Amino acid sequence: MSDEPDGRGDARGDEAADTGADGGRRELTAGLAVPEMDCPSCAGKVDSALGRVDGVTDVALNPTAGTATVTYDPDRADEGDVVAAIEGAGYEVTGGRSGGEGSADGDRGGTADGASGDVAVAPPSAVWTTPRAKKTWLGAVLVVAGLLFEFVLTGRNPAVASVLGVPLALADVLFVGAVAASGIPVVRGGYYSALNRSLDIDLLMGTAIVAATGIGYFVEAATLAVLFSVAELLEDYAMDRARDSLRELMELSPDEATVRREGGETTVPTDDVAVGETVIVRPGEKVPLDGTVIEGESAVDESPITGESVPVDKAPGDEAFAGAINEEGYLEIEVTSTAGDSTLSRIIELVQGAQAEKTETERFVDRFAGYYTPVVVVLAILTAAVPPLVIGEPVTVDLAGYPFVFAADWGTWFVRGLTLLVIACPCAFVISTPVSVVSGITSAAKNGVLIKGGNHLEAMGQVDAVALDKTGTLTRGELAVTDLVPLGGADEETLLRRAAALERRSEHPIAAAILGRAERAGVGALAEPAGFESLTGKGVRADIDGETYYAGKPALFEGLGFDLSRARAKTDGGVADGGVVTEGDDGGPGGAGDGAFAEGSLAALESEGKTVVLVGTATELTGAIAVADEVRPDSKRAVERLRELGVERVVMLTGDNEGTARAIAESVGVDEYRAELLPEEKVAAVESLRAEYGEVAMVGDGINDAPALATADVGVAMGAAGTDTALETADIALMGDDVAKLPYLYALSHTANGVIRQNVWASLGVKALLALGVPLGLVSVAVAVVVGDMGMSLGVTGNAMRLSGIEPESYE
């Protein structure tokens, strides 16, 4: 049994699985909210308790989210046995839901994935008004009153009771009352820890409280009980804040949908909406499920999915995502996926799984804590027992000019041993990494970046080189018209109208680009082409208004007799202005010759990686249109920002030709480019970058670049929203087509690594300093609790919360 995931992500709470070689054994899965299970040692106790339940086959515990996902054989166990085991470990189960046929529909006990029934995160708790909190406040009042009578009103502190012949003053009774009020929950937790053979904070603190009370050190016992209880409440509050970020993500998913059924409208739970049904989304409402717009137009805020703050216009045929907010118009959407399979549901599911996955740092911390705690416990025992036996008479030691008296009395050294026992608790040290990982991953998810594990979060912040695919990453991945060069008496509108009329019946991507530009330019009604013919590899031909027109490569027109040698010749000077028309000698049919274009103008366009399409008749050129896959406006700044953040090398990898690759590389400013690469050659390129620079991140579309993404230390998929393959294959997915999120991702990961290091070393350093001060009498029990336990736990949690403040930069 383990609290690490088994590679499937977190199990779904509403599914029954047939497992085993024979496929006949039915298993059920219960997703349970266990809010008090908030650290690895807590998870260890729960895991140990569940391991003793006959019929439990798999356990996935997520202490940061406060959830347990347990798979069991219903023929040998039921959910009651699972709940009883968890409660037997000392942790209350506040809700859950079993999966599979015939399972009870119990209270989920918190925000859950409405589609799958998974308990996504423990419900928020009113930390300061719980029964534990009330007992703590009562204990605090009793301690304050006891201290008042013990040290201030000493004359009013009479003996009021006697136990085994030992008189108890009023202050002593108050202290014992404080121990009973605040300490019993701690001792109870220690009892369960002992039952589960877990050397954790509850066992250490419970032992210290019982021991101090047993030998009459009531002040120390009461102080320890109250301060530790306060520390636990503060840690619960801090953990609750860490869980808030995931709750916010969960709340994006609508619970209900308005569906058109039987000619009317009805509101039903999103779980009950089937694929193919039509949902209605009015202004201000959330899109309930993934689907395709079939009626209406509106601007939709997709920032919950893609992190893109600018609303996206939606019209019939466009895709819409669950959780997006309809801002102004009326939409009817045909559902294409159930609630459990929506893009948002997959994001939430993957974020949950990512939180449960341990990083290398976490594994190191867990291993270290496994040695640290027993060693310090032994030192605590030795501190309490050895000095009184060895020292004998008091010994004064001069340290840096300060005298320290090592007395031989048992009481003094017992208290110091007790203090070391408190310091032996590794709680702050152990939670230092997971709270940072949770904060980073959930913050990224809210900004449209899906990180599928803490190990990927760490790795991204350590990359030395970033390899970028060209198409769809640095460029938009769609052809667009970039230049219009009309000739003779034609203007841009005339050139565009004739080209669009010719391309109306073509299905080539270049035709789509020209038609799209014509539509945006509002060139008016297009003539209907007659006798349309596709000239394979060259262009198209059709009759427009009784005259035959051509649109195609320069080679097509050279075949018609035009001499374009000067326009296609490379010049020694700068880039020619394709819009300049020069008068020269006629070089072709009808007098429209090479002199019609500026010298080298077509060559200049081609050198920029653009495809040139000429338009004209067999005797006269109307002009040229340049088409290219446009560079994203943020690509250049994103590359610059990566270098500023510390990335040593930014490289573009593409299967495109040398000329296009060079033009794009110069435009965006990458350090180098590698062109005409096959998929396996991209893999080799990634491996060579790793050998030369170190760790490499590969950024691509998640499908065509899958081999290179898998080879890189970190694979990042662009535009993964709604793309199952990208979500499944990449380590990290940028949900929108926004390359500007790449520097944000690197900055977040790099900062997260720094925060993790700060938390780990600060926790260790403070514990070490406190431990050194204990034998010298410089550290009291109160200081050990307030600084070493409560203070450091709050400190590392607060430091981790800084990651939620990192936002993507706007390059506009």
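Residues numbered from 1 in each chain as written. Predicted model: local features only at pLDDT ≥ 70, side-chain atom pairs only at ≥ 80, totals over all residues. Heavy atoms only, no water.

Asker: So what exactly am I meant to see when it comes to the overall build of the protein here?
Answerer: When helices and strands are counted, the protein shows 24 helices and 31 strands. Considering the protein as a whole, with its 812 residues, one finds that 53% of them fall into the buried category. Put simply, of all contacts in the protein between residues at least 6 apart along the chain, 68% involve residues at least 24 apart. Carbon and sulfur atoms provide 53% of the accessible area of the protein, an area that totals close to 33300 Å². (Helix = DSSP H or I, 4+ residues; strand = E, 2+ residues; numbered from the N terminus. Buried < 20%, exposed > 50% of the residue type's maximum accessible area, 1.4 Å probe, protein only. Contact = heavy atoms within 4.5 Å. Areas by Shrake-Rupley, 256 points an atom, 1.4 Å probe, with all protein chains shown as cover.)

Asker: Whenever I open this one, the nonpolar core confuses me. Can you help?
Answerer: By size, the foremost hydrophobic cluster in this structure holds 48 residues, and its most contacted members are Ile451, Met460, Val466, Val716, Leu742 and Leu745. Sorting elements by how many residues they give to this core places helix α23 (residues 741–773) first, with 10 residues. Residues in contact with Val716, not counting those within four places in the same chain, are Met460, Met698, Val699, Gly700, Leu709, Ile732, Leu734, Leu742 and Leu745. In this structure, Leu204, Cys427, Leu770 and Val779 belong to the second largest nonpolar core, which totals 46 residues. (Core = buried A, V, L, I, M, F, W, Y, C linked by side-chain atoms within 4.5 Å.)

Asker: Explain a negative patch on the surface here, please?
Answerer: The grouping of Asp255, Glu256, Asp271 and Asp272 at the surface amounts to a negative patch. Mapped onto the fold, Asp272 is located in the loop between β9 (264–269) and β10 (278–281). Asp272 gets classed as partly exposed once you look at its relative accessible area, which sits at 46%. (Patch = residues over 30% accessible without salt bridge, like charges linked within 9 Å, V, L, I, M, F, W, Y side chains within 5 Å. Salt bridge = Lys/Arg side-chain N within 4 Å of Asp/Glu carboxyl O. Lys, Arg positive; Asp, Glu negative; His and termini not counted. Charge placed at Lys NZ, Arg CZ, Asp CG, Glu CD.)

Asker: In this structure, what is going on with helix α5 (residues 201–214)? I would like to understand it.
Answerer: Structurally, the α-helix is built with 3.6 residues per turn, so residues lying three or four positions apart point the same way. For α5, spanning 14 residues, the distance from its first C-alpha to its last is 20 Å, which sits close to the expected 20 Å at 1.5 Å a residue. Residues of α5 that are buried include every one of Ile201, Asp202, Leu204, Met205, Gly206, Ala208, Ile209 and Ala212, and no others. (Expected span 1.5 Å × (residues − 1).)

Asker: Is there a simple way to think about a nonpolar patch on the surface in this case?
Answerer: A surface patch of nonpolar side chains, amounting to about 760 Å² of accessible area, comprises Val375, Val378, Leu379, Leu382, Val386, Leu389, Val390 and Trp410. Looking at the nonpolar patch element by element, the count peaks at 7 residues for helix α9 (residues 360–390). Topologically, Val375 is positioned in helix α9.

Asker: It is not clear to me how unusual backbone geometry should be interpreted in this structure. Could you clarify?
Answerer: The general pattern is negative phi for most residues beyond glycine and trans for most peptide bonds. In this model, Asp545 sits at a positive phi of 55 degrees, which is unusual for a non-glycine residue. With respect to the element layout, Asp545 can be found in the loop between β23 (539–544) and β24 (547–552). Residue Glu676 is not a glycine yet carries a positive backbone phi of 55 degrees.

Asker: How should I be thinking about the packing of aromatic side chains in this particular structure?
Answerer: Here the distance between the centres and the angle between the planes together describe a pair of aromatic rings. Tallying each qualifying case throughout the model produces 2 aromatic pairs. For the ring pair Tyr550 and Phe557, a centre distance of 6.4 Å and an interplane angle of 75 degrees mean the geometry is edge-to-face. The same class applies to Tyr550 as to Phe557, namely buried. An angle of 65 degrees between the planes, with centres 6.0 Å apart, marks the rings of Phe557 and Phe562 as edge-to-face. A residue is classified by how much of its surface remains accessible, and Phe562, at 4% relative accessible area, is buried. (Phe/Tyr/Trp six-rings, centres within 6.5 Å; stacked < 30°, edge-to-face > 60°.)

Asker: I would appreciate a short explanation of the environment of Pro509 in the present structure.
Answerer: Its place among the elements puts Pro509 in helix α15 (residues 509–521). Each C-alpha atom of the pair Pro509 and Ala480 lies 9.1 Å from the other, and the pair is 29 residues apart in sequence.

Asker: Would you mind showing me how to read the packing of α9 against α23 here?
Answerer: With their axes 12 Å apart at the nearest point, α9 and α23 run at an angle of 10 degrees to one another. Of the possible angle classes, the one that applies to α9 and α23 is roughly parallel. For the pair α9 and α23, contact is made by Thr361, Val365, Phe368 and Tyr372 and by Ile756, Val760, Leu764 and Lys767, respectively. Looking at side-chain class alone, the contact of α9 with α23 contains 6 nonpolar, 1 polar and 1 charged residues. (Axes fitted to C-alpha atoms, helices over the stretch in contact; angles between N-to-C directions. Parallel < 35°, antiparallel > 145°, perpendicular 65-115°, else oblique. Nonpolar A, V, L, I, M, F, W, Y, C, P; charged D, E, K, R; others polar.)

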